[in-house]
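The lines below spell out each chain.
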Amino acid sequence: MQKNFSEKIIEKVIFTSALTAILAVFLIILFVFQKGLPAIQEVGLTNFLLGKDWLPSSNVFGIFPMIIGSIYVTLGALIFSIPLAVLCALFLAEFAPTKIGRIVRSGIELLAGIPSVVYGFFGMIVIVPLISRVFGGFGYSSLAGSVILAIMILPTIISVAEDAINAVPPAYKEGSLALGATHWQTITKVILPAASSGILAGVVLGMGRALGETMAVIMVIGNAAKLPGSFLEPVRTLTANIAMEMAYSSGLHREALFATGVVLLLMVMSLNITLTLIMKRRVLAR
């Protein structure tokens with residue numbers, strides 16, 4: 001009787017915790033939309049999303065350059081990080097000796113715990129001058145932001161990808177090897193396809209982290225509110241736009257920054273919904 005009573009209390013506590021988390025997310029979404037939608041209504045959805053000029057002093061608010069800047073930096077980060085992360089996860093799951101694997105995992109955990117401002121300093125001192133020497137210009141660019149973000153999201157993708165690879169049933173690998181396939185053929189033809197849903201989840205989580213990163217990005221991308229012509233030109237991301245101007249904004253300007261947050265929130269939500277749909281289709285296909 002006492003055991004059943006204790007279990008019911010624990011169930012209620014767990015349910016309340018889950019409900020609190022859902023409520024917190026709902027309240028955040030409600031707050032951001034409440035503050036941001038008036039600006040979108042006043043400026044106009046098309047003008048706000050596709051406008052190329054951001055001039056708060058003239059009440060002109062177009063975030064298209066910031067959307068493109070966020071896409072440039074995020075895609076660049078994924079291009080750099082995905083191959084490294086998947087190969088590192090494969091090494092840890094399939095090849096690494098126990099001691100070496102333990103050391104590498106400790107390094108990955110340390111990489112995940114470094115504050116973003118430290119990454120920003122590293123980018124300013126090392127990455128930006130290197131890009132300037134190799135490609136010319138000032139070095140503050142989408143490329144610099146992509147490199148820094150790639151380093152920052154590596155731990156997320158590696159950890160999730162390794163778990164996905166380890167979750168593949170041993171019988172898959174044993175059956176492939178028994179049929180005469182080499183270890184590498186087994187990895188490419190059996191293990192990676194079976195773990196693809198989990199790896200994709202890690203990529204989407206890393207993408208969400210890259211989209212939402214602010215401090216490190218501000219320090220290396222140049223923060224020019226204009227359409228970039230290439231990866232070597234300065235850009236401004238959605239998060240950088242909010243962080244740089246929120247402190248002194250007021251009126252319509254402040255509402256426009258909240259509206260920028262609405263767009264960013266919708267982008268992240270779209271990523272999560274897309275991931276959920278893809279994983280459901282893969283499960284049904286199996």
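No experiment lies behind these values; they were computed from the predicted model shown.

Student: Just to check I follow, could you spell out the overall build of the protein for this structure?
Tutor: Helices and strands together make up the secondary structure of the protein, namely 12 helices and 2 strands. The order of helices and strands in the protein, counted from the N terminus, is α-α-β-β-α-α-α-α-α-α-α-α-α-α. Within the protein, the fraction of its 286 residues that count as buried is 38%. In the protein, the share of contacts with a sequence separation of at least 24, taken over all contacts with a separation of at least 6, comes to 71%.

Student: Explain the packing of aromatic side chains here, please?
Tutor: Where two aromatic rings form a pair, the distance of their centres and the angle of their planes describe that pair. According to the stated counting rule, one finds 3 aromatic pairs in the structure shown. Seen from their ring centres, Phe-31 and Phe-258 are 5.6 Å apart, and the 85° between their planes marks the pair as edge-to-face. On the criterion of sequence distance, the pair formed by Phe-31 in helix H1 (residues 2–43) and Phe-258 in helix H12 (residues 252–285) is long-range, its members being 227 residues apart. We classify Phe-31 as partly exposed; its relative accessible area is 41%.

Student: Explain the pattern of salt bridges here, please?
Tutor: Working definition: two side chains of opposite charge can pair if their charged atoms are close together. The final tally for this structure, using the stated rule, is 4 salt bridges. One salt bridge connects Lys-173 with Glu-94, and the closest N-O pair in it is separated by 2.8 Å. Of the two residues, Lys-173 sits in helix H7 (residues 170–178) while Glu-94 sits in helix H3 (residues 64–95), which places them 79 residues apart along the sequence. The exposure class assigned to Lys-173 is partly exposed, which follows from its relative accessible area of 26%. Between Arg-236 and Glu-245 there is a salt bridge whose closest N-O contact spans 2.9 Å.

Student: Help me understand unusual backbone geometry in this model?
Tutor: Among all residues except glycine, the phi angle is most often negative; among peptide bonds, the trans geometry is most common. Positive phi, normally seen in glycine, also occurs at Asn-59, with a value near 55°. Among the structural elements, Asn-59 can be located in the loop between strand S1 (54–55) and strand S2 (60–61). Positive phi is not limited to glycine here, since Asn-223 has a value of about 60°. Relative to the helices and strands, Asn-223 is located in the loop between helix H10 (215–218) and helix H11 (238–245).

Student: Explain the nonpolar core to me, please; I cannot follow it from the model alone.
Tutor: Within soluble globular proteins, side chains that are nonpolar generally end up buried alongside one another. Ranked by size, the top nonpolar core spans 57 residues in total, and within it Phe-48, Trp-54 and Ile-63 carry the most contacts. Listing elements by their share of this core, those giving two or more residues are H1, H3, helix H5 (116–135), helix H6 (142–166), helix H9 (196–212), H10, H11 and H12. Counting residues per element, this core draws most heavily on H6, which supplies 10 residues. Judged by nonpolar contacts, the second largest core, of 11 residues, contains Val-86, Ala-89, Val-168 and Ile-191.

Student: Help me understand the side chain of Ser-196 in this model?
Tutor: By secondary structure assignment, the location of Ser-196 is in helix H9. Here the side chain of Ser-196 touches Pro-193 through a polar contact of 2.8 Å, landing on its backbone oxygen.

Student: For this particular structure, what's the right way to read a nonpolar patch on the surface?
Tutor: Nonpolar side chains collect at one region of the surface, where Leu-87, Phe-91, Phe-95, Ile-100 and Trp-184 lie side by side and expose about 500 Å² of accessible area between them. Ranked by residue count, the leading element in the nonpolar patch is H3, at 3 residues. Here Ile-100 is to be found in helix H4 (residues 98–113).

Student: How should I be thinking about H3 in this particular structure?
Tutor: The α-helix advances 3.6 residues per turn, and as a result positions three or four apart in sequence lie on the same side. For H3, which comprises 32 residues, the first-to-last C-alpha distance of 45 Å matches the rise-based estimate of 46 Å (1.5 Å per residue) to within 8%. Bending of H3 peaks at approximately 35° at the position of Ser-81, with proline Pro-83 no more than four residues after it.

Student: Even after reading the chapter, I still don't get the environment of Phe-64, so can you show me in this structure?
Tutor: Counting through the fold element by element, Phe-64 comes out in helix H3. Linking Phe-64 and Arg-254, residues 190 residues apart in sequence, is a C-alpha distance of 18 Å. The residues contacting Phe-64, other than those within four sequence positions of it, are Phe-48, Leu-49, Leu-50, Gly-51, Lys-52 and Leu-227.

Student: So what exactly am I meant to see when it comes to the packing of H7 against helix H8 (residues 183–194) here?
Tutor: Angle between the axes and distance between the axes are the two parameters that describe a pair of packed helices. Between H7 and H8, the shortest axis-to-axis distance is 10 Å and the interhelical angle comes to 145°. For the element pair H7 and H8, the recorded crossing hand is right-handed. Residues Tyr-172, Lys-173, Ser-176 and Leu-177 of H7 touch H8, and the partners they reach there are His-183, Thr-186, Val-190, Ile-191 and Ala-194. Looking at the contact of H7 with H8 residue by residue, the classes come out as 5 nonpolar, 3 polar and 1 charged.

Student: Any chance you could explain the environment of Asn-223 here in plain terms?
Tutor: Classification of Asn-223 as buried rests on a relative accessible area of 15%. Distance from Asn-223 to Ser-141, taken between C-alpha atoms, is 8.6 Å for residues 82 residues apart in sequence. Here Ile-218 takes part through its backbone oxygen, which lies 2.8 Å from a polar atom of the side chain of Asn-223.

Definitions and cut-offs
- Residues numbered from 1 in each chain as written.
- Predicted model: local features only at pLDDT ≥ 70, side-chain atom pairs only at ≥ 80, totals over all residues.
- Heavy atoms only, no water.
- Helix = DSSP H or I, 4+ residues; strand = E, 2+ residues; numbered from the N terminus.
- Buried < 20%, exposed > 50% of the residue type's maximum accessible area, 1.4 Å probe, protein only.
- Contact = heavy atoms within 4.5 Å.
- Phe/Tyr/Trp six-rings, centres within 6.5 Å; stacked < 30°, edge-to-face > 60°.
- Salt bridge = Lys/Arg side-chain N within 4 Å of Asp/Glu carboxyl O.
- Core = buried A, V, L, I, M, F, W, Y, C linked by side-chain atoms within 4.5 Å.
- Polar contact = N/O pair within 3.5 Å; in protein donor to acceptor, adjacent residues only side chain to side chain.
- Patch = residues over 30% accessible without salt bridge, like charges linked within 9 Å, V, L, I, M, F, W, Y side chains within 5 Å.
- Areas by Shrake-Rupley, 256 points an atom, 1.4 Å probe, with all protein chains shown as cover.
- Expected span 1.5 Å × (residues − 1).
- Bend = angle between axes of the 7 residues up to and from the residue.
- Axes fitted to C-alpha atoms, helices over the stretch in contact; angles between N-to-C directions.
- Left-handed = near helix turned anticlockwise from the far one by under 90°.
- Nonpolar A, V, L, I, M, F, W, Y, C, P; charged D, E, K, R; others polar.

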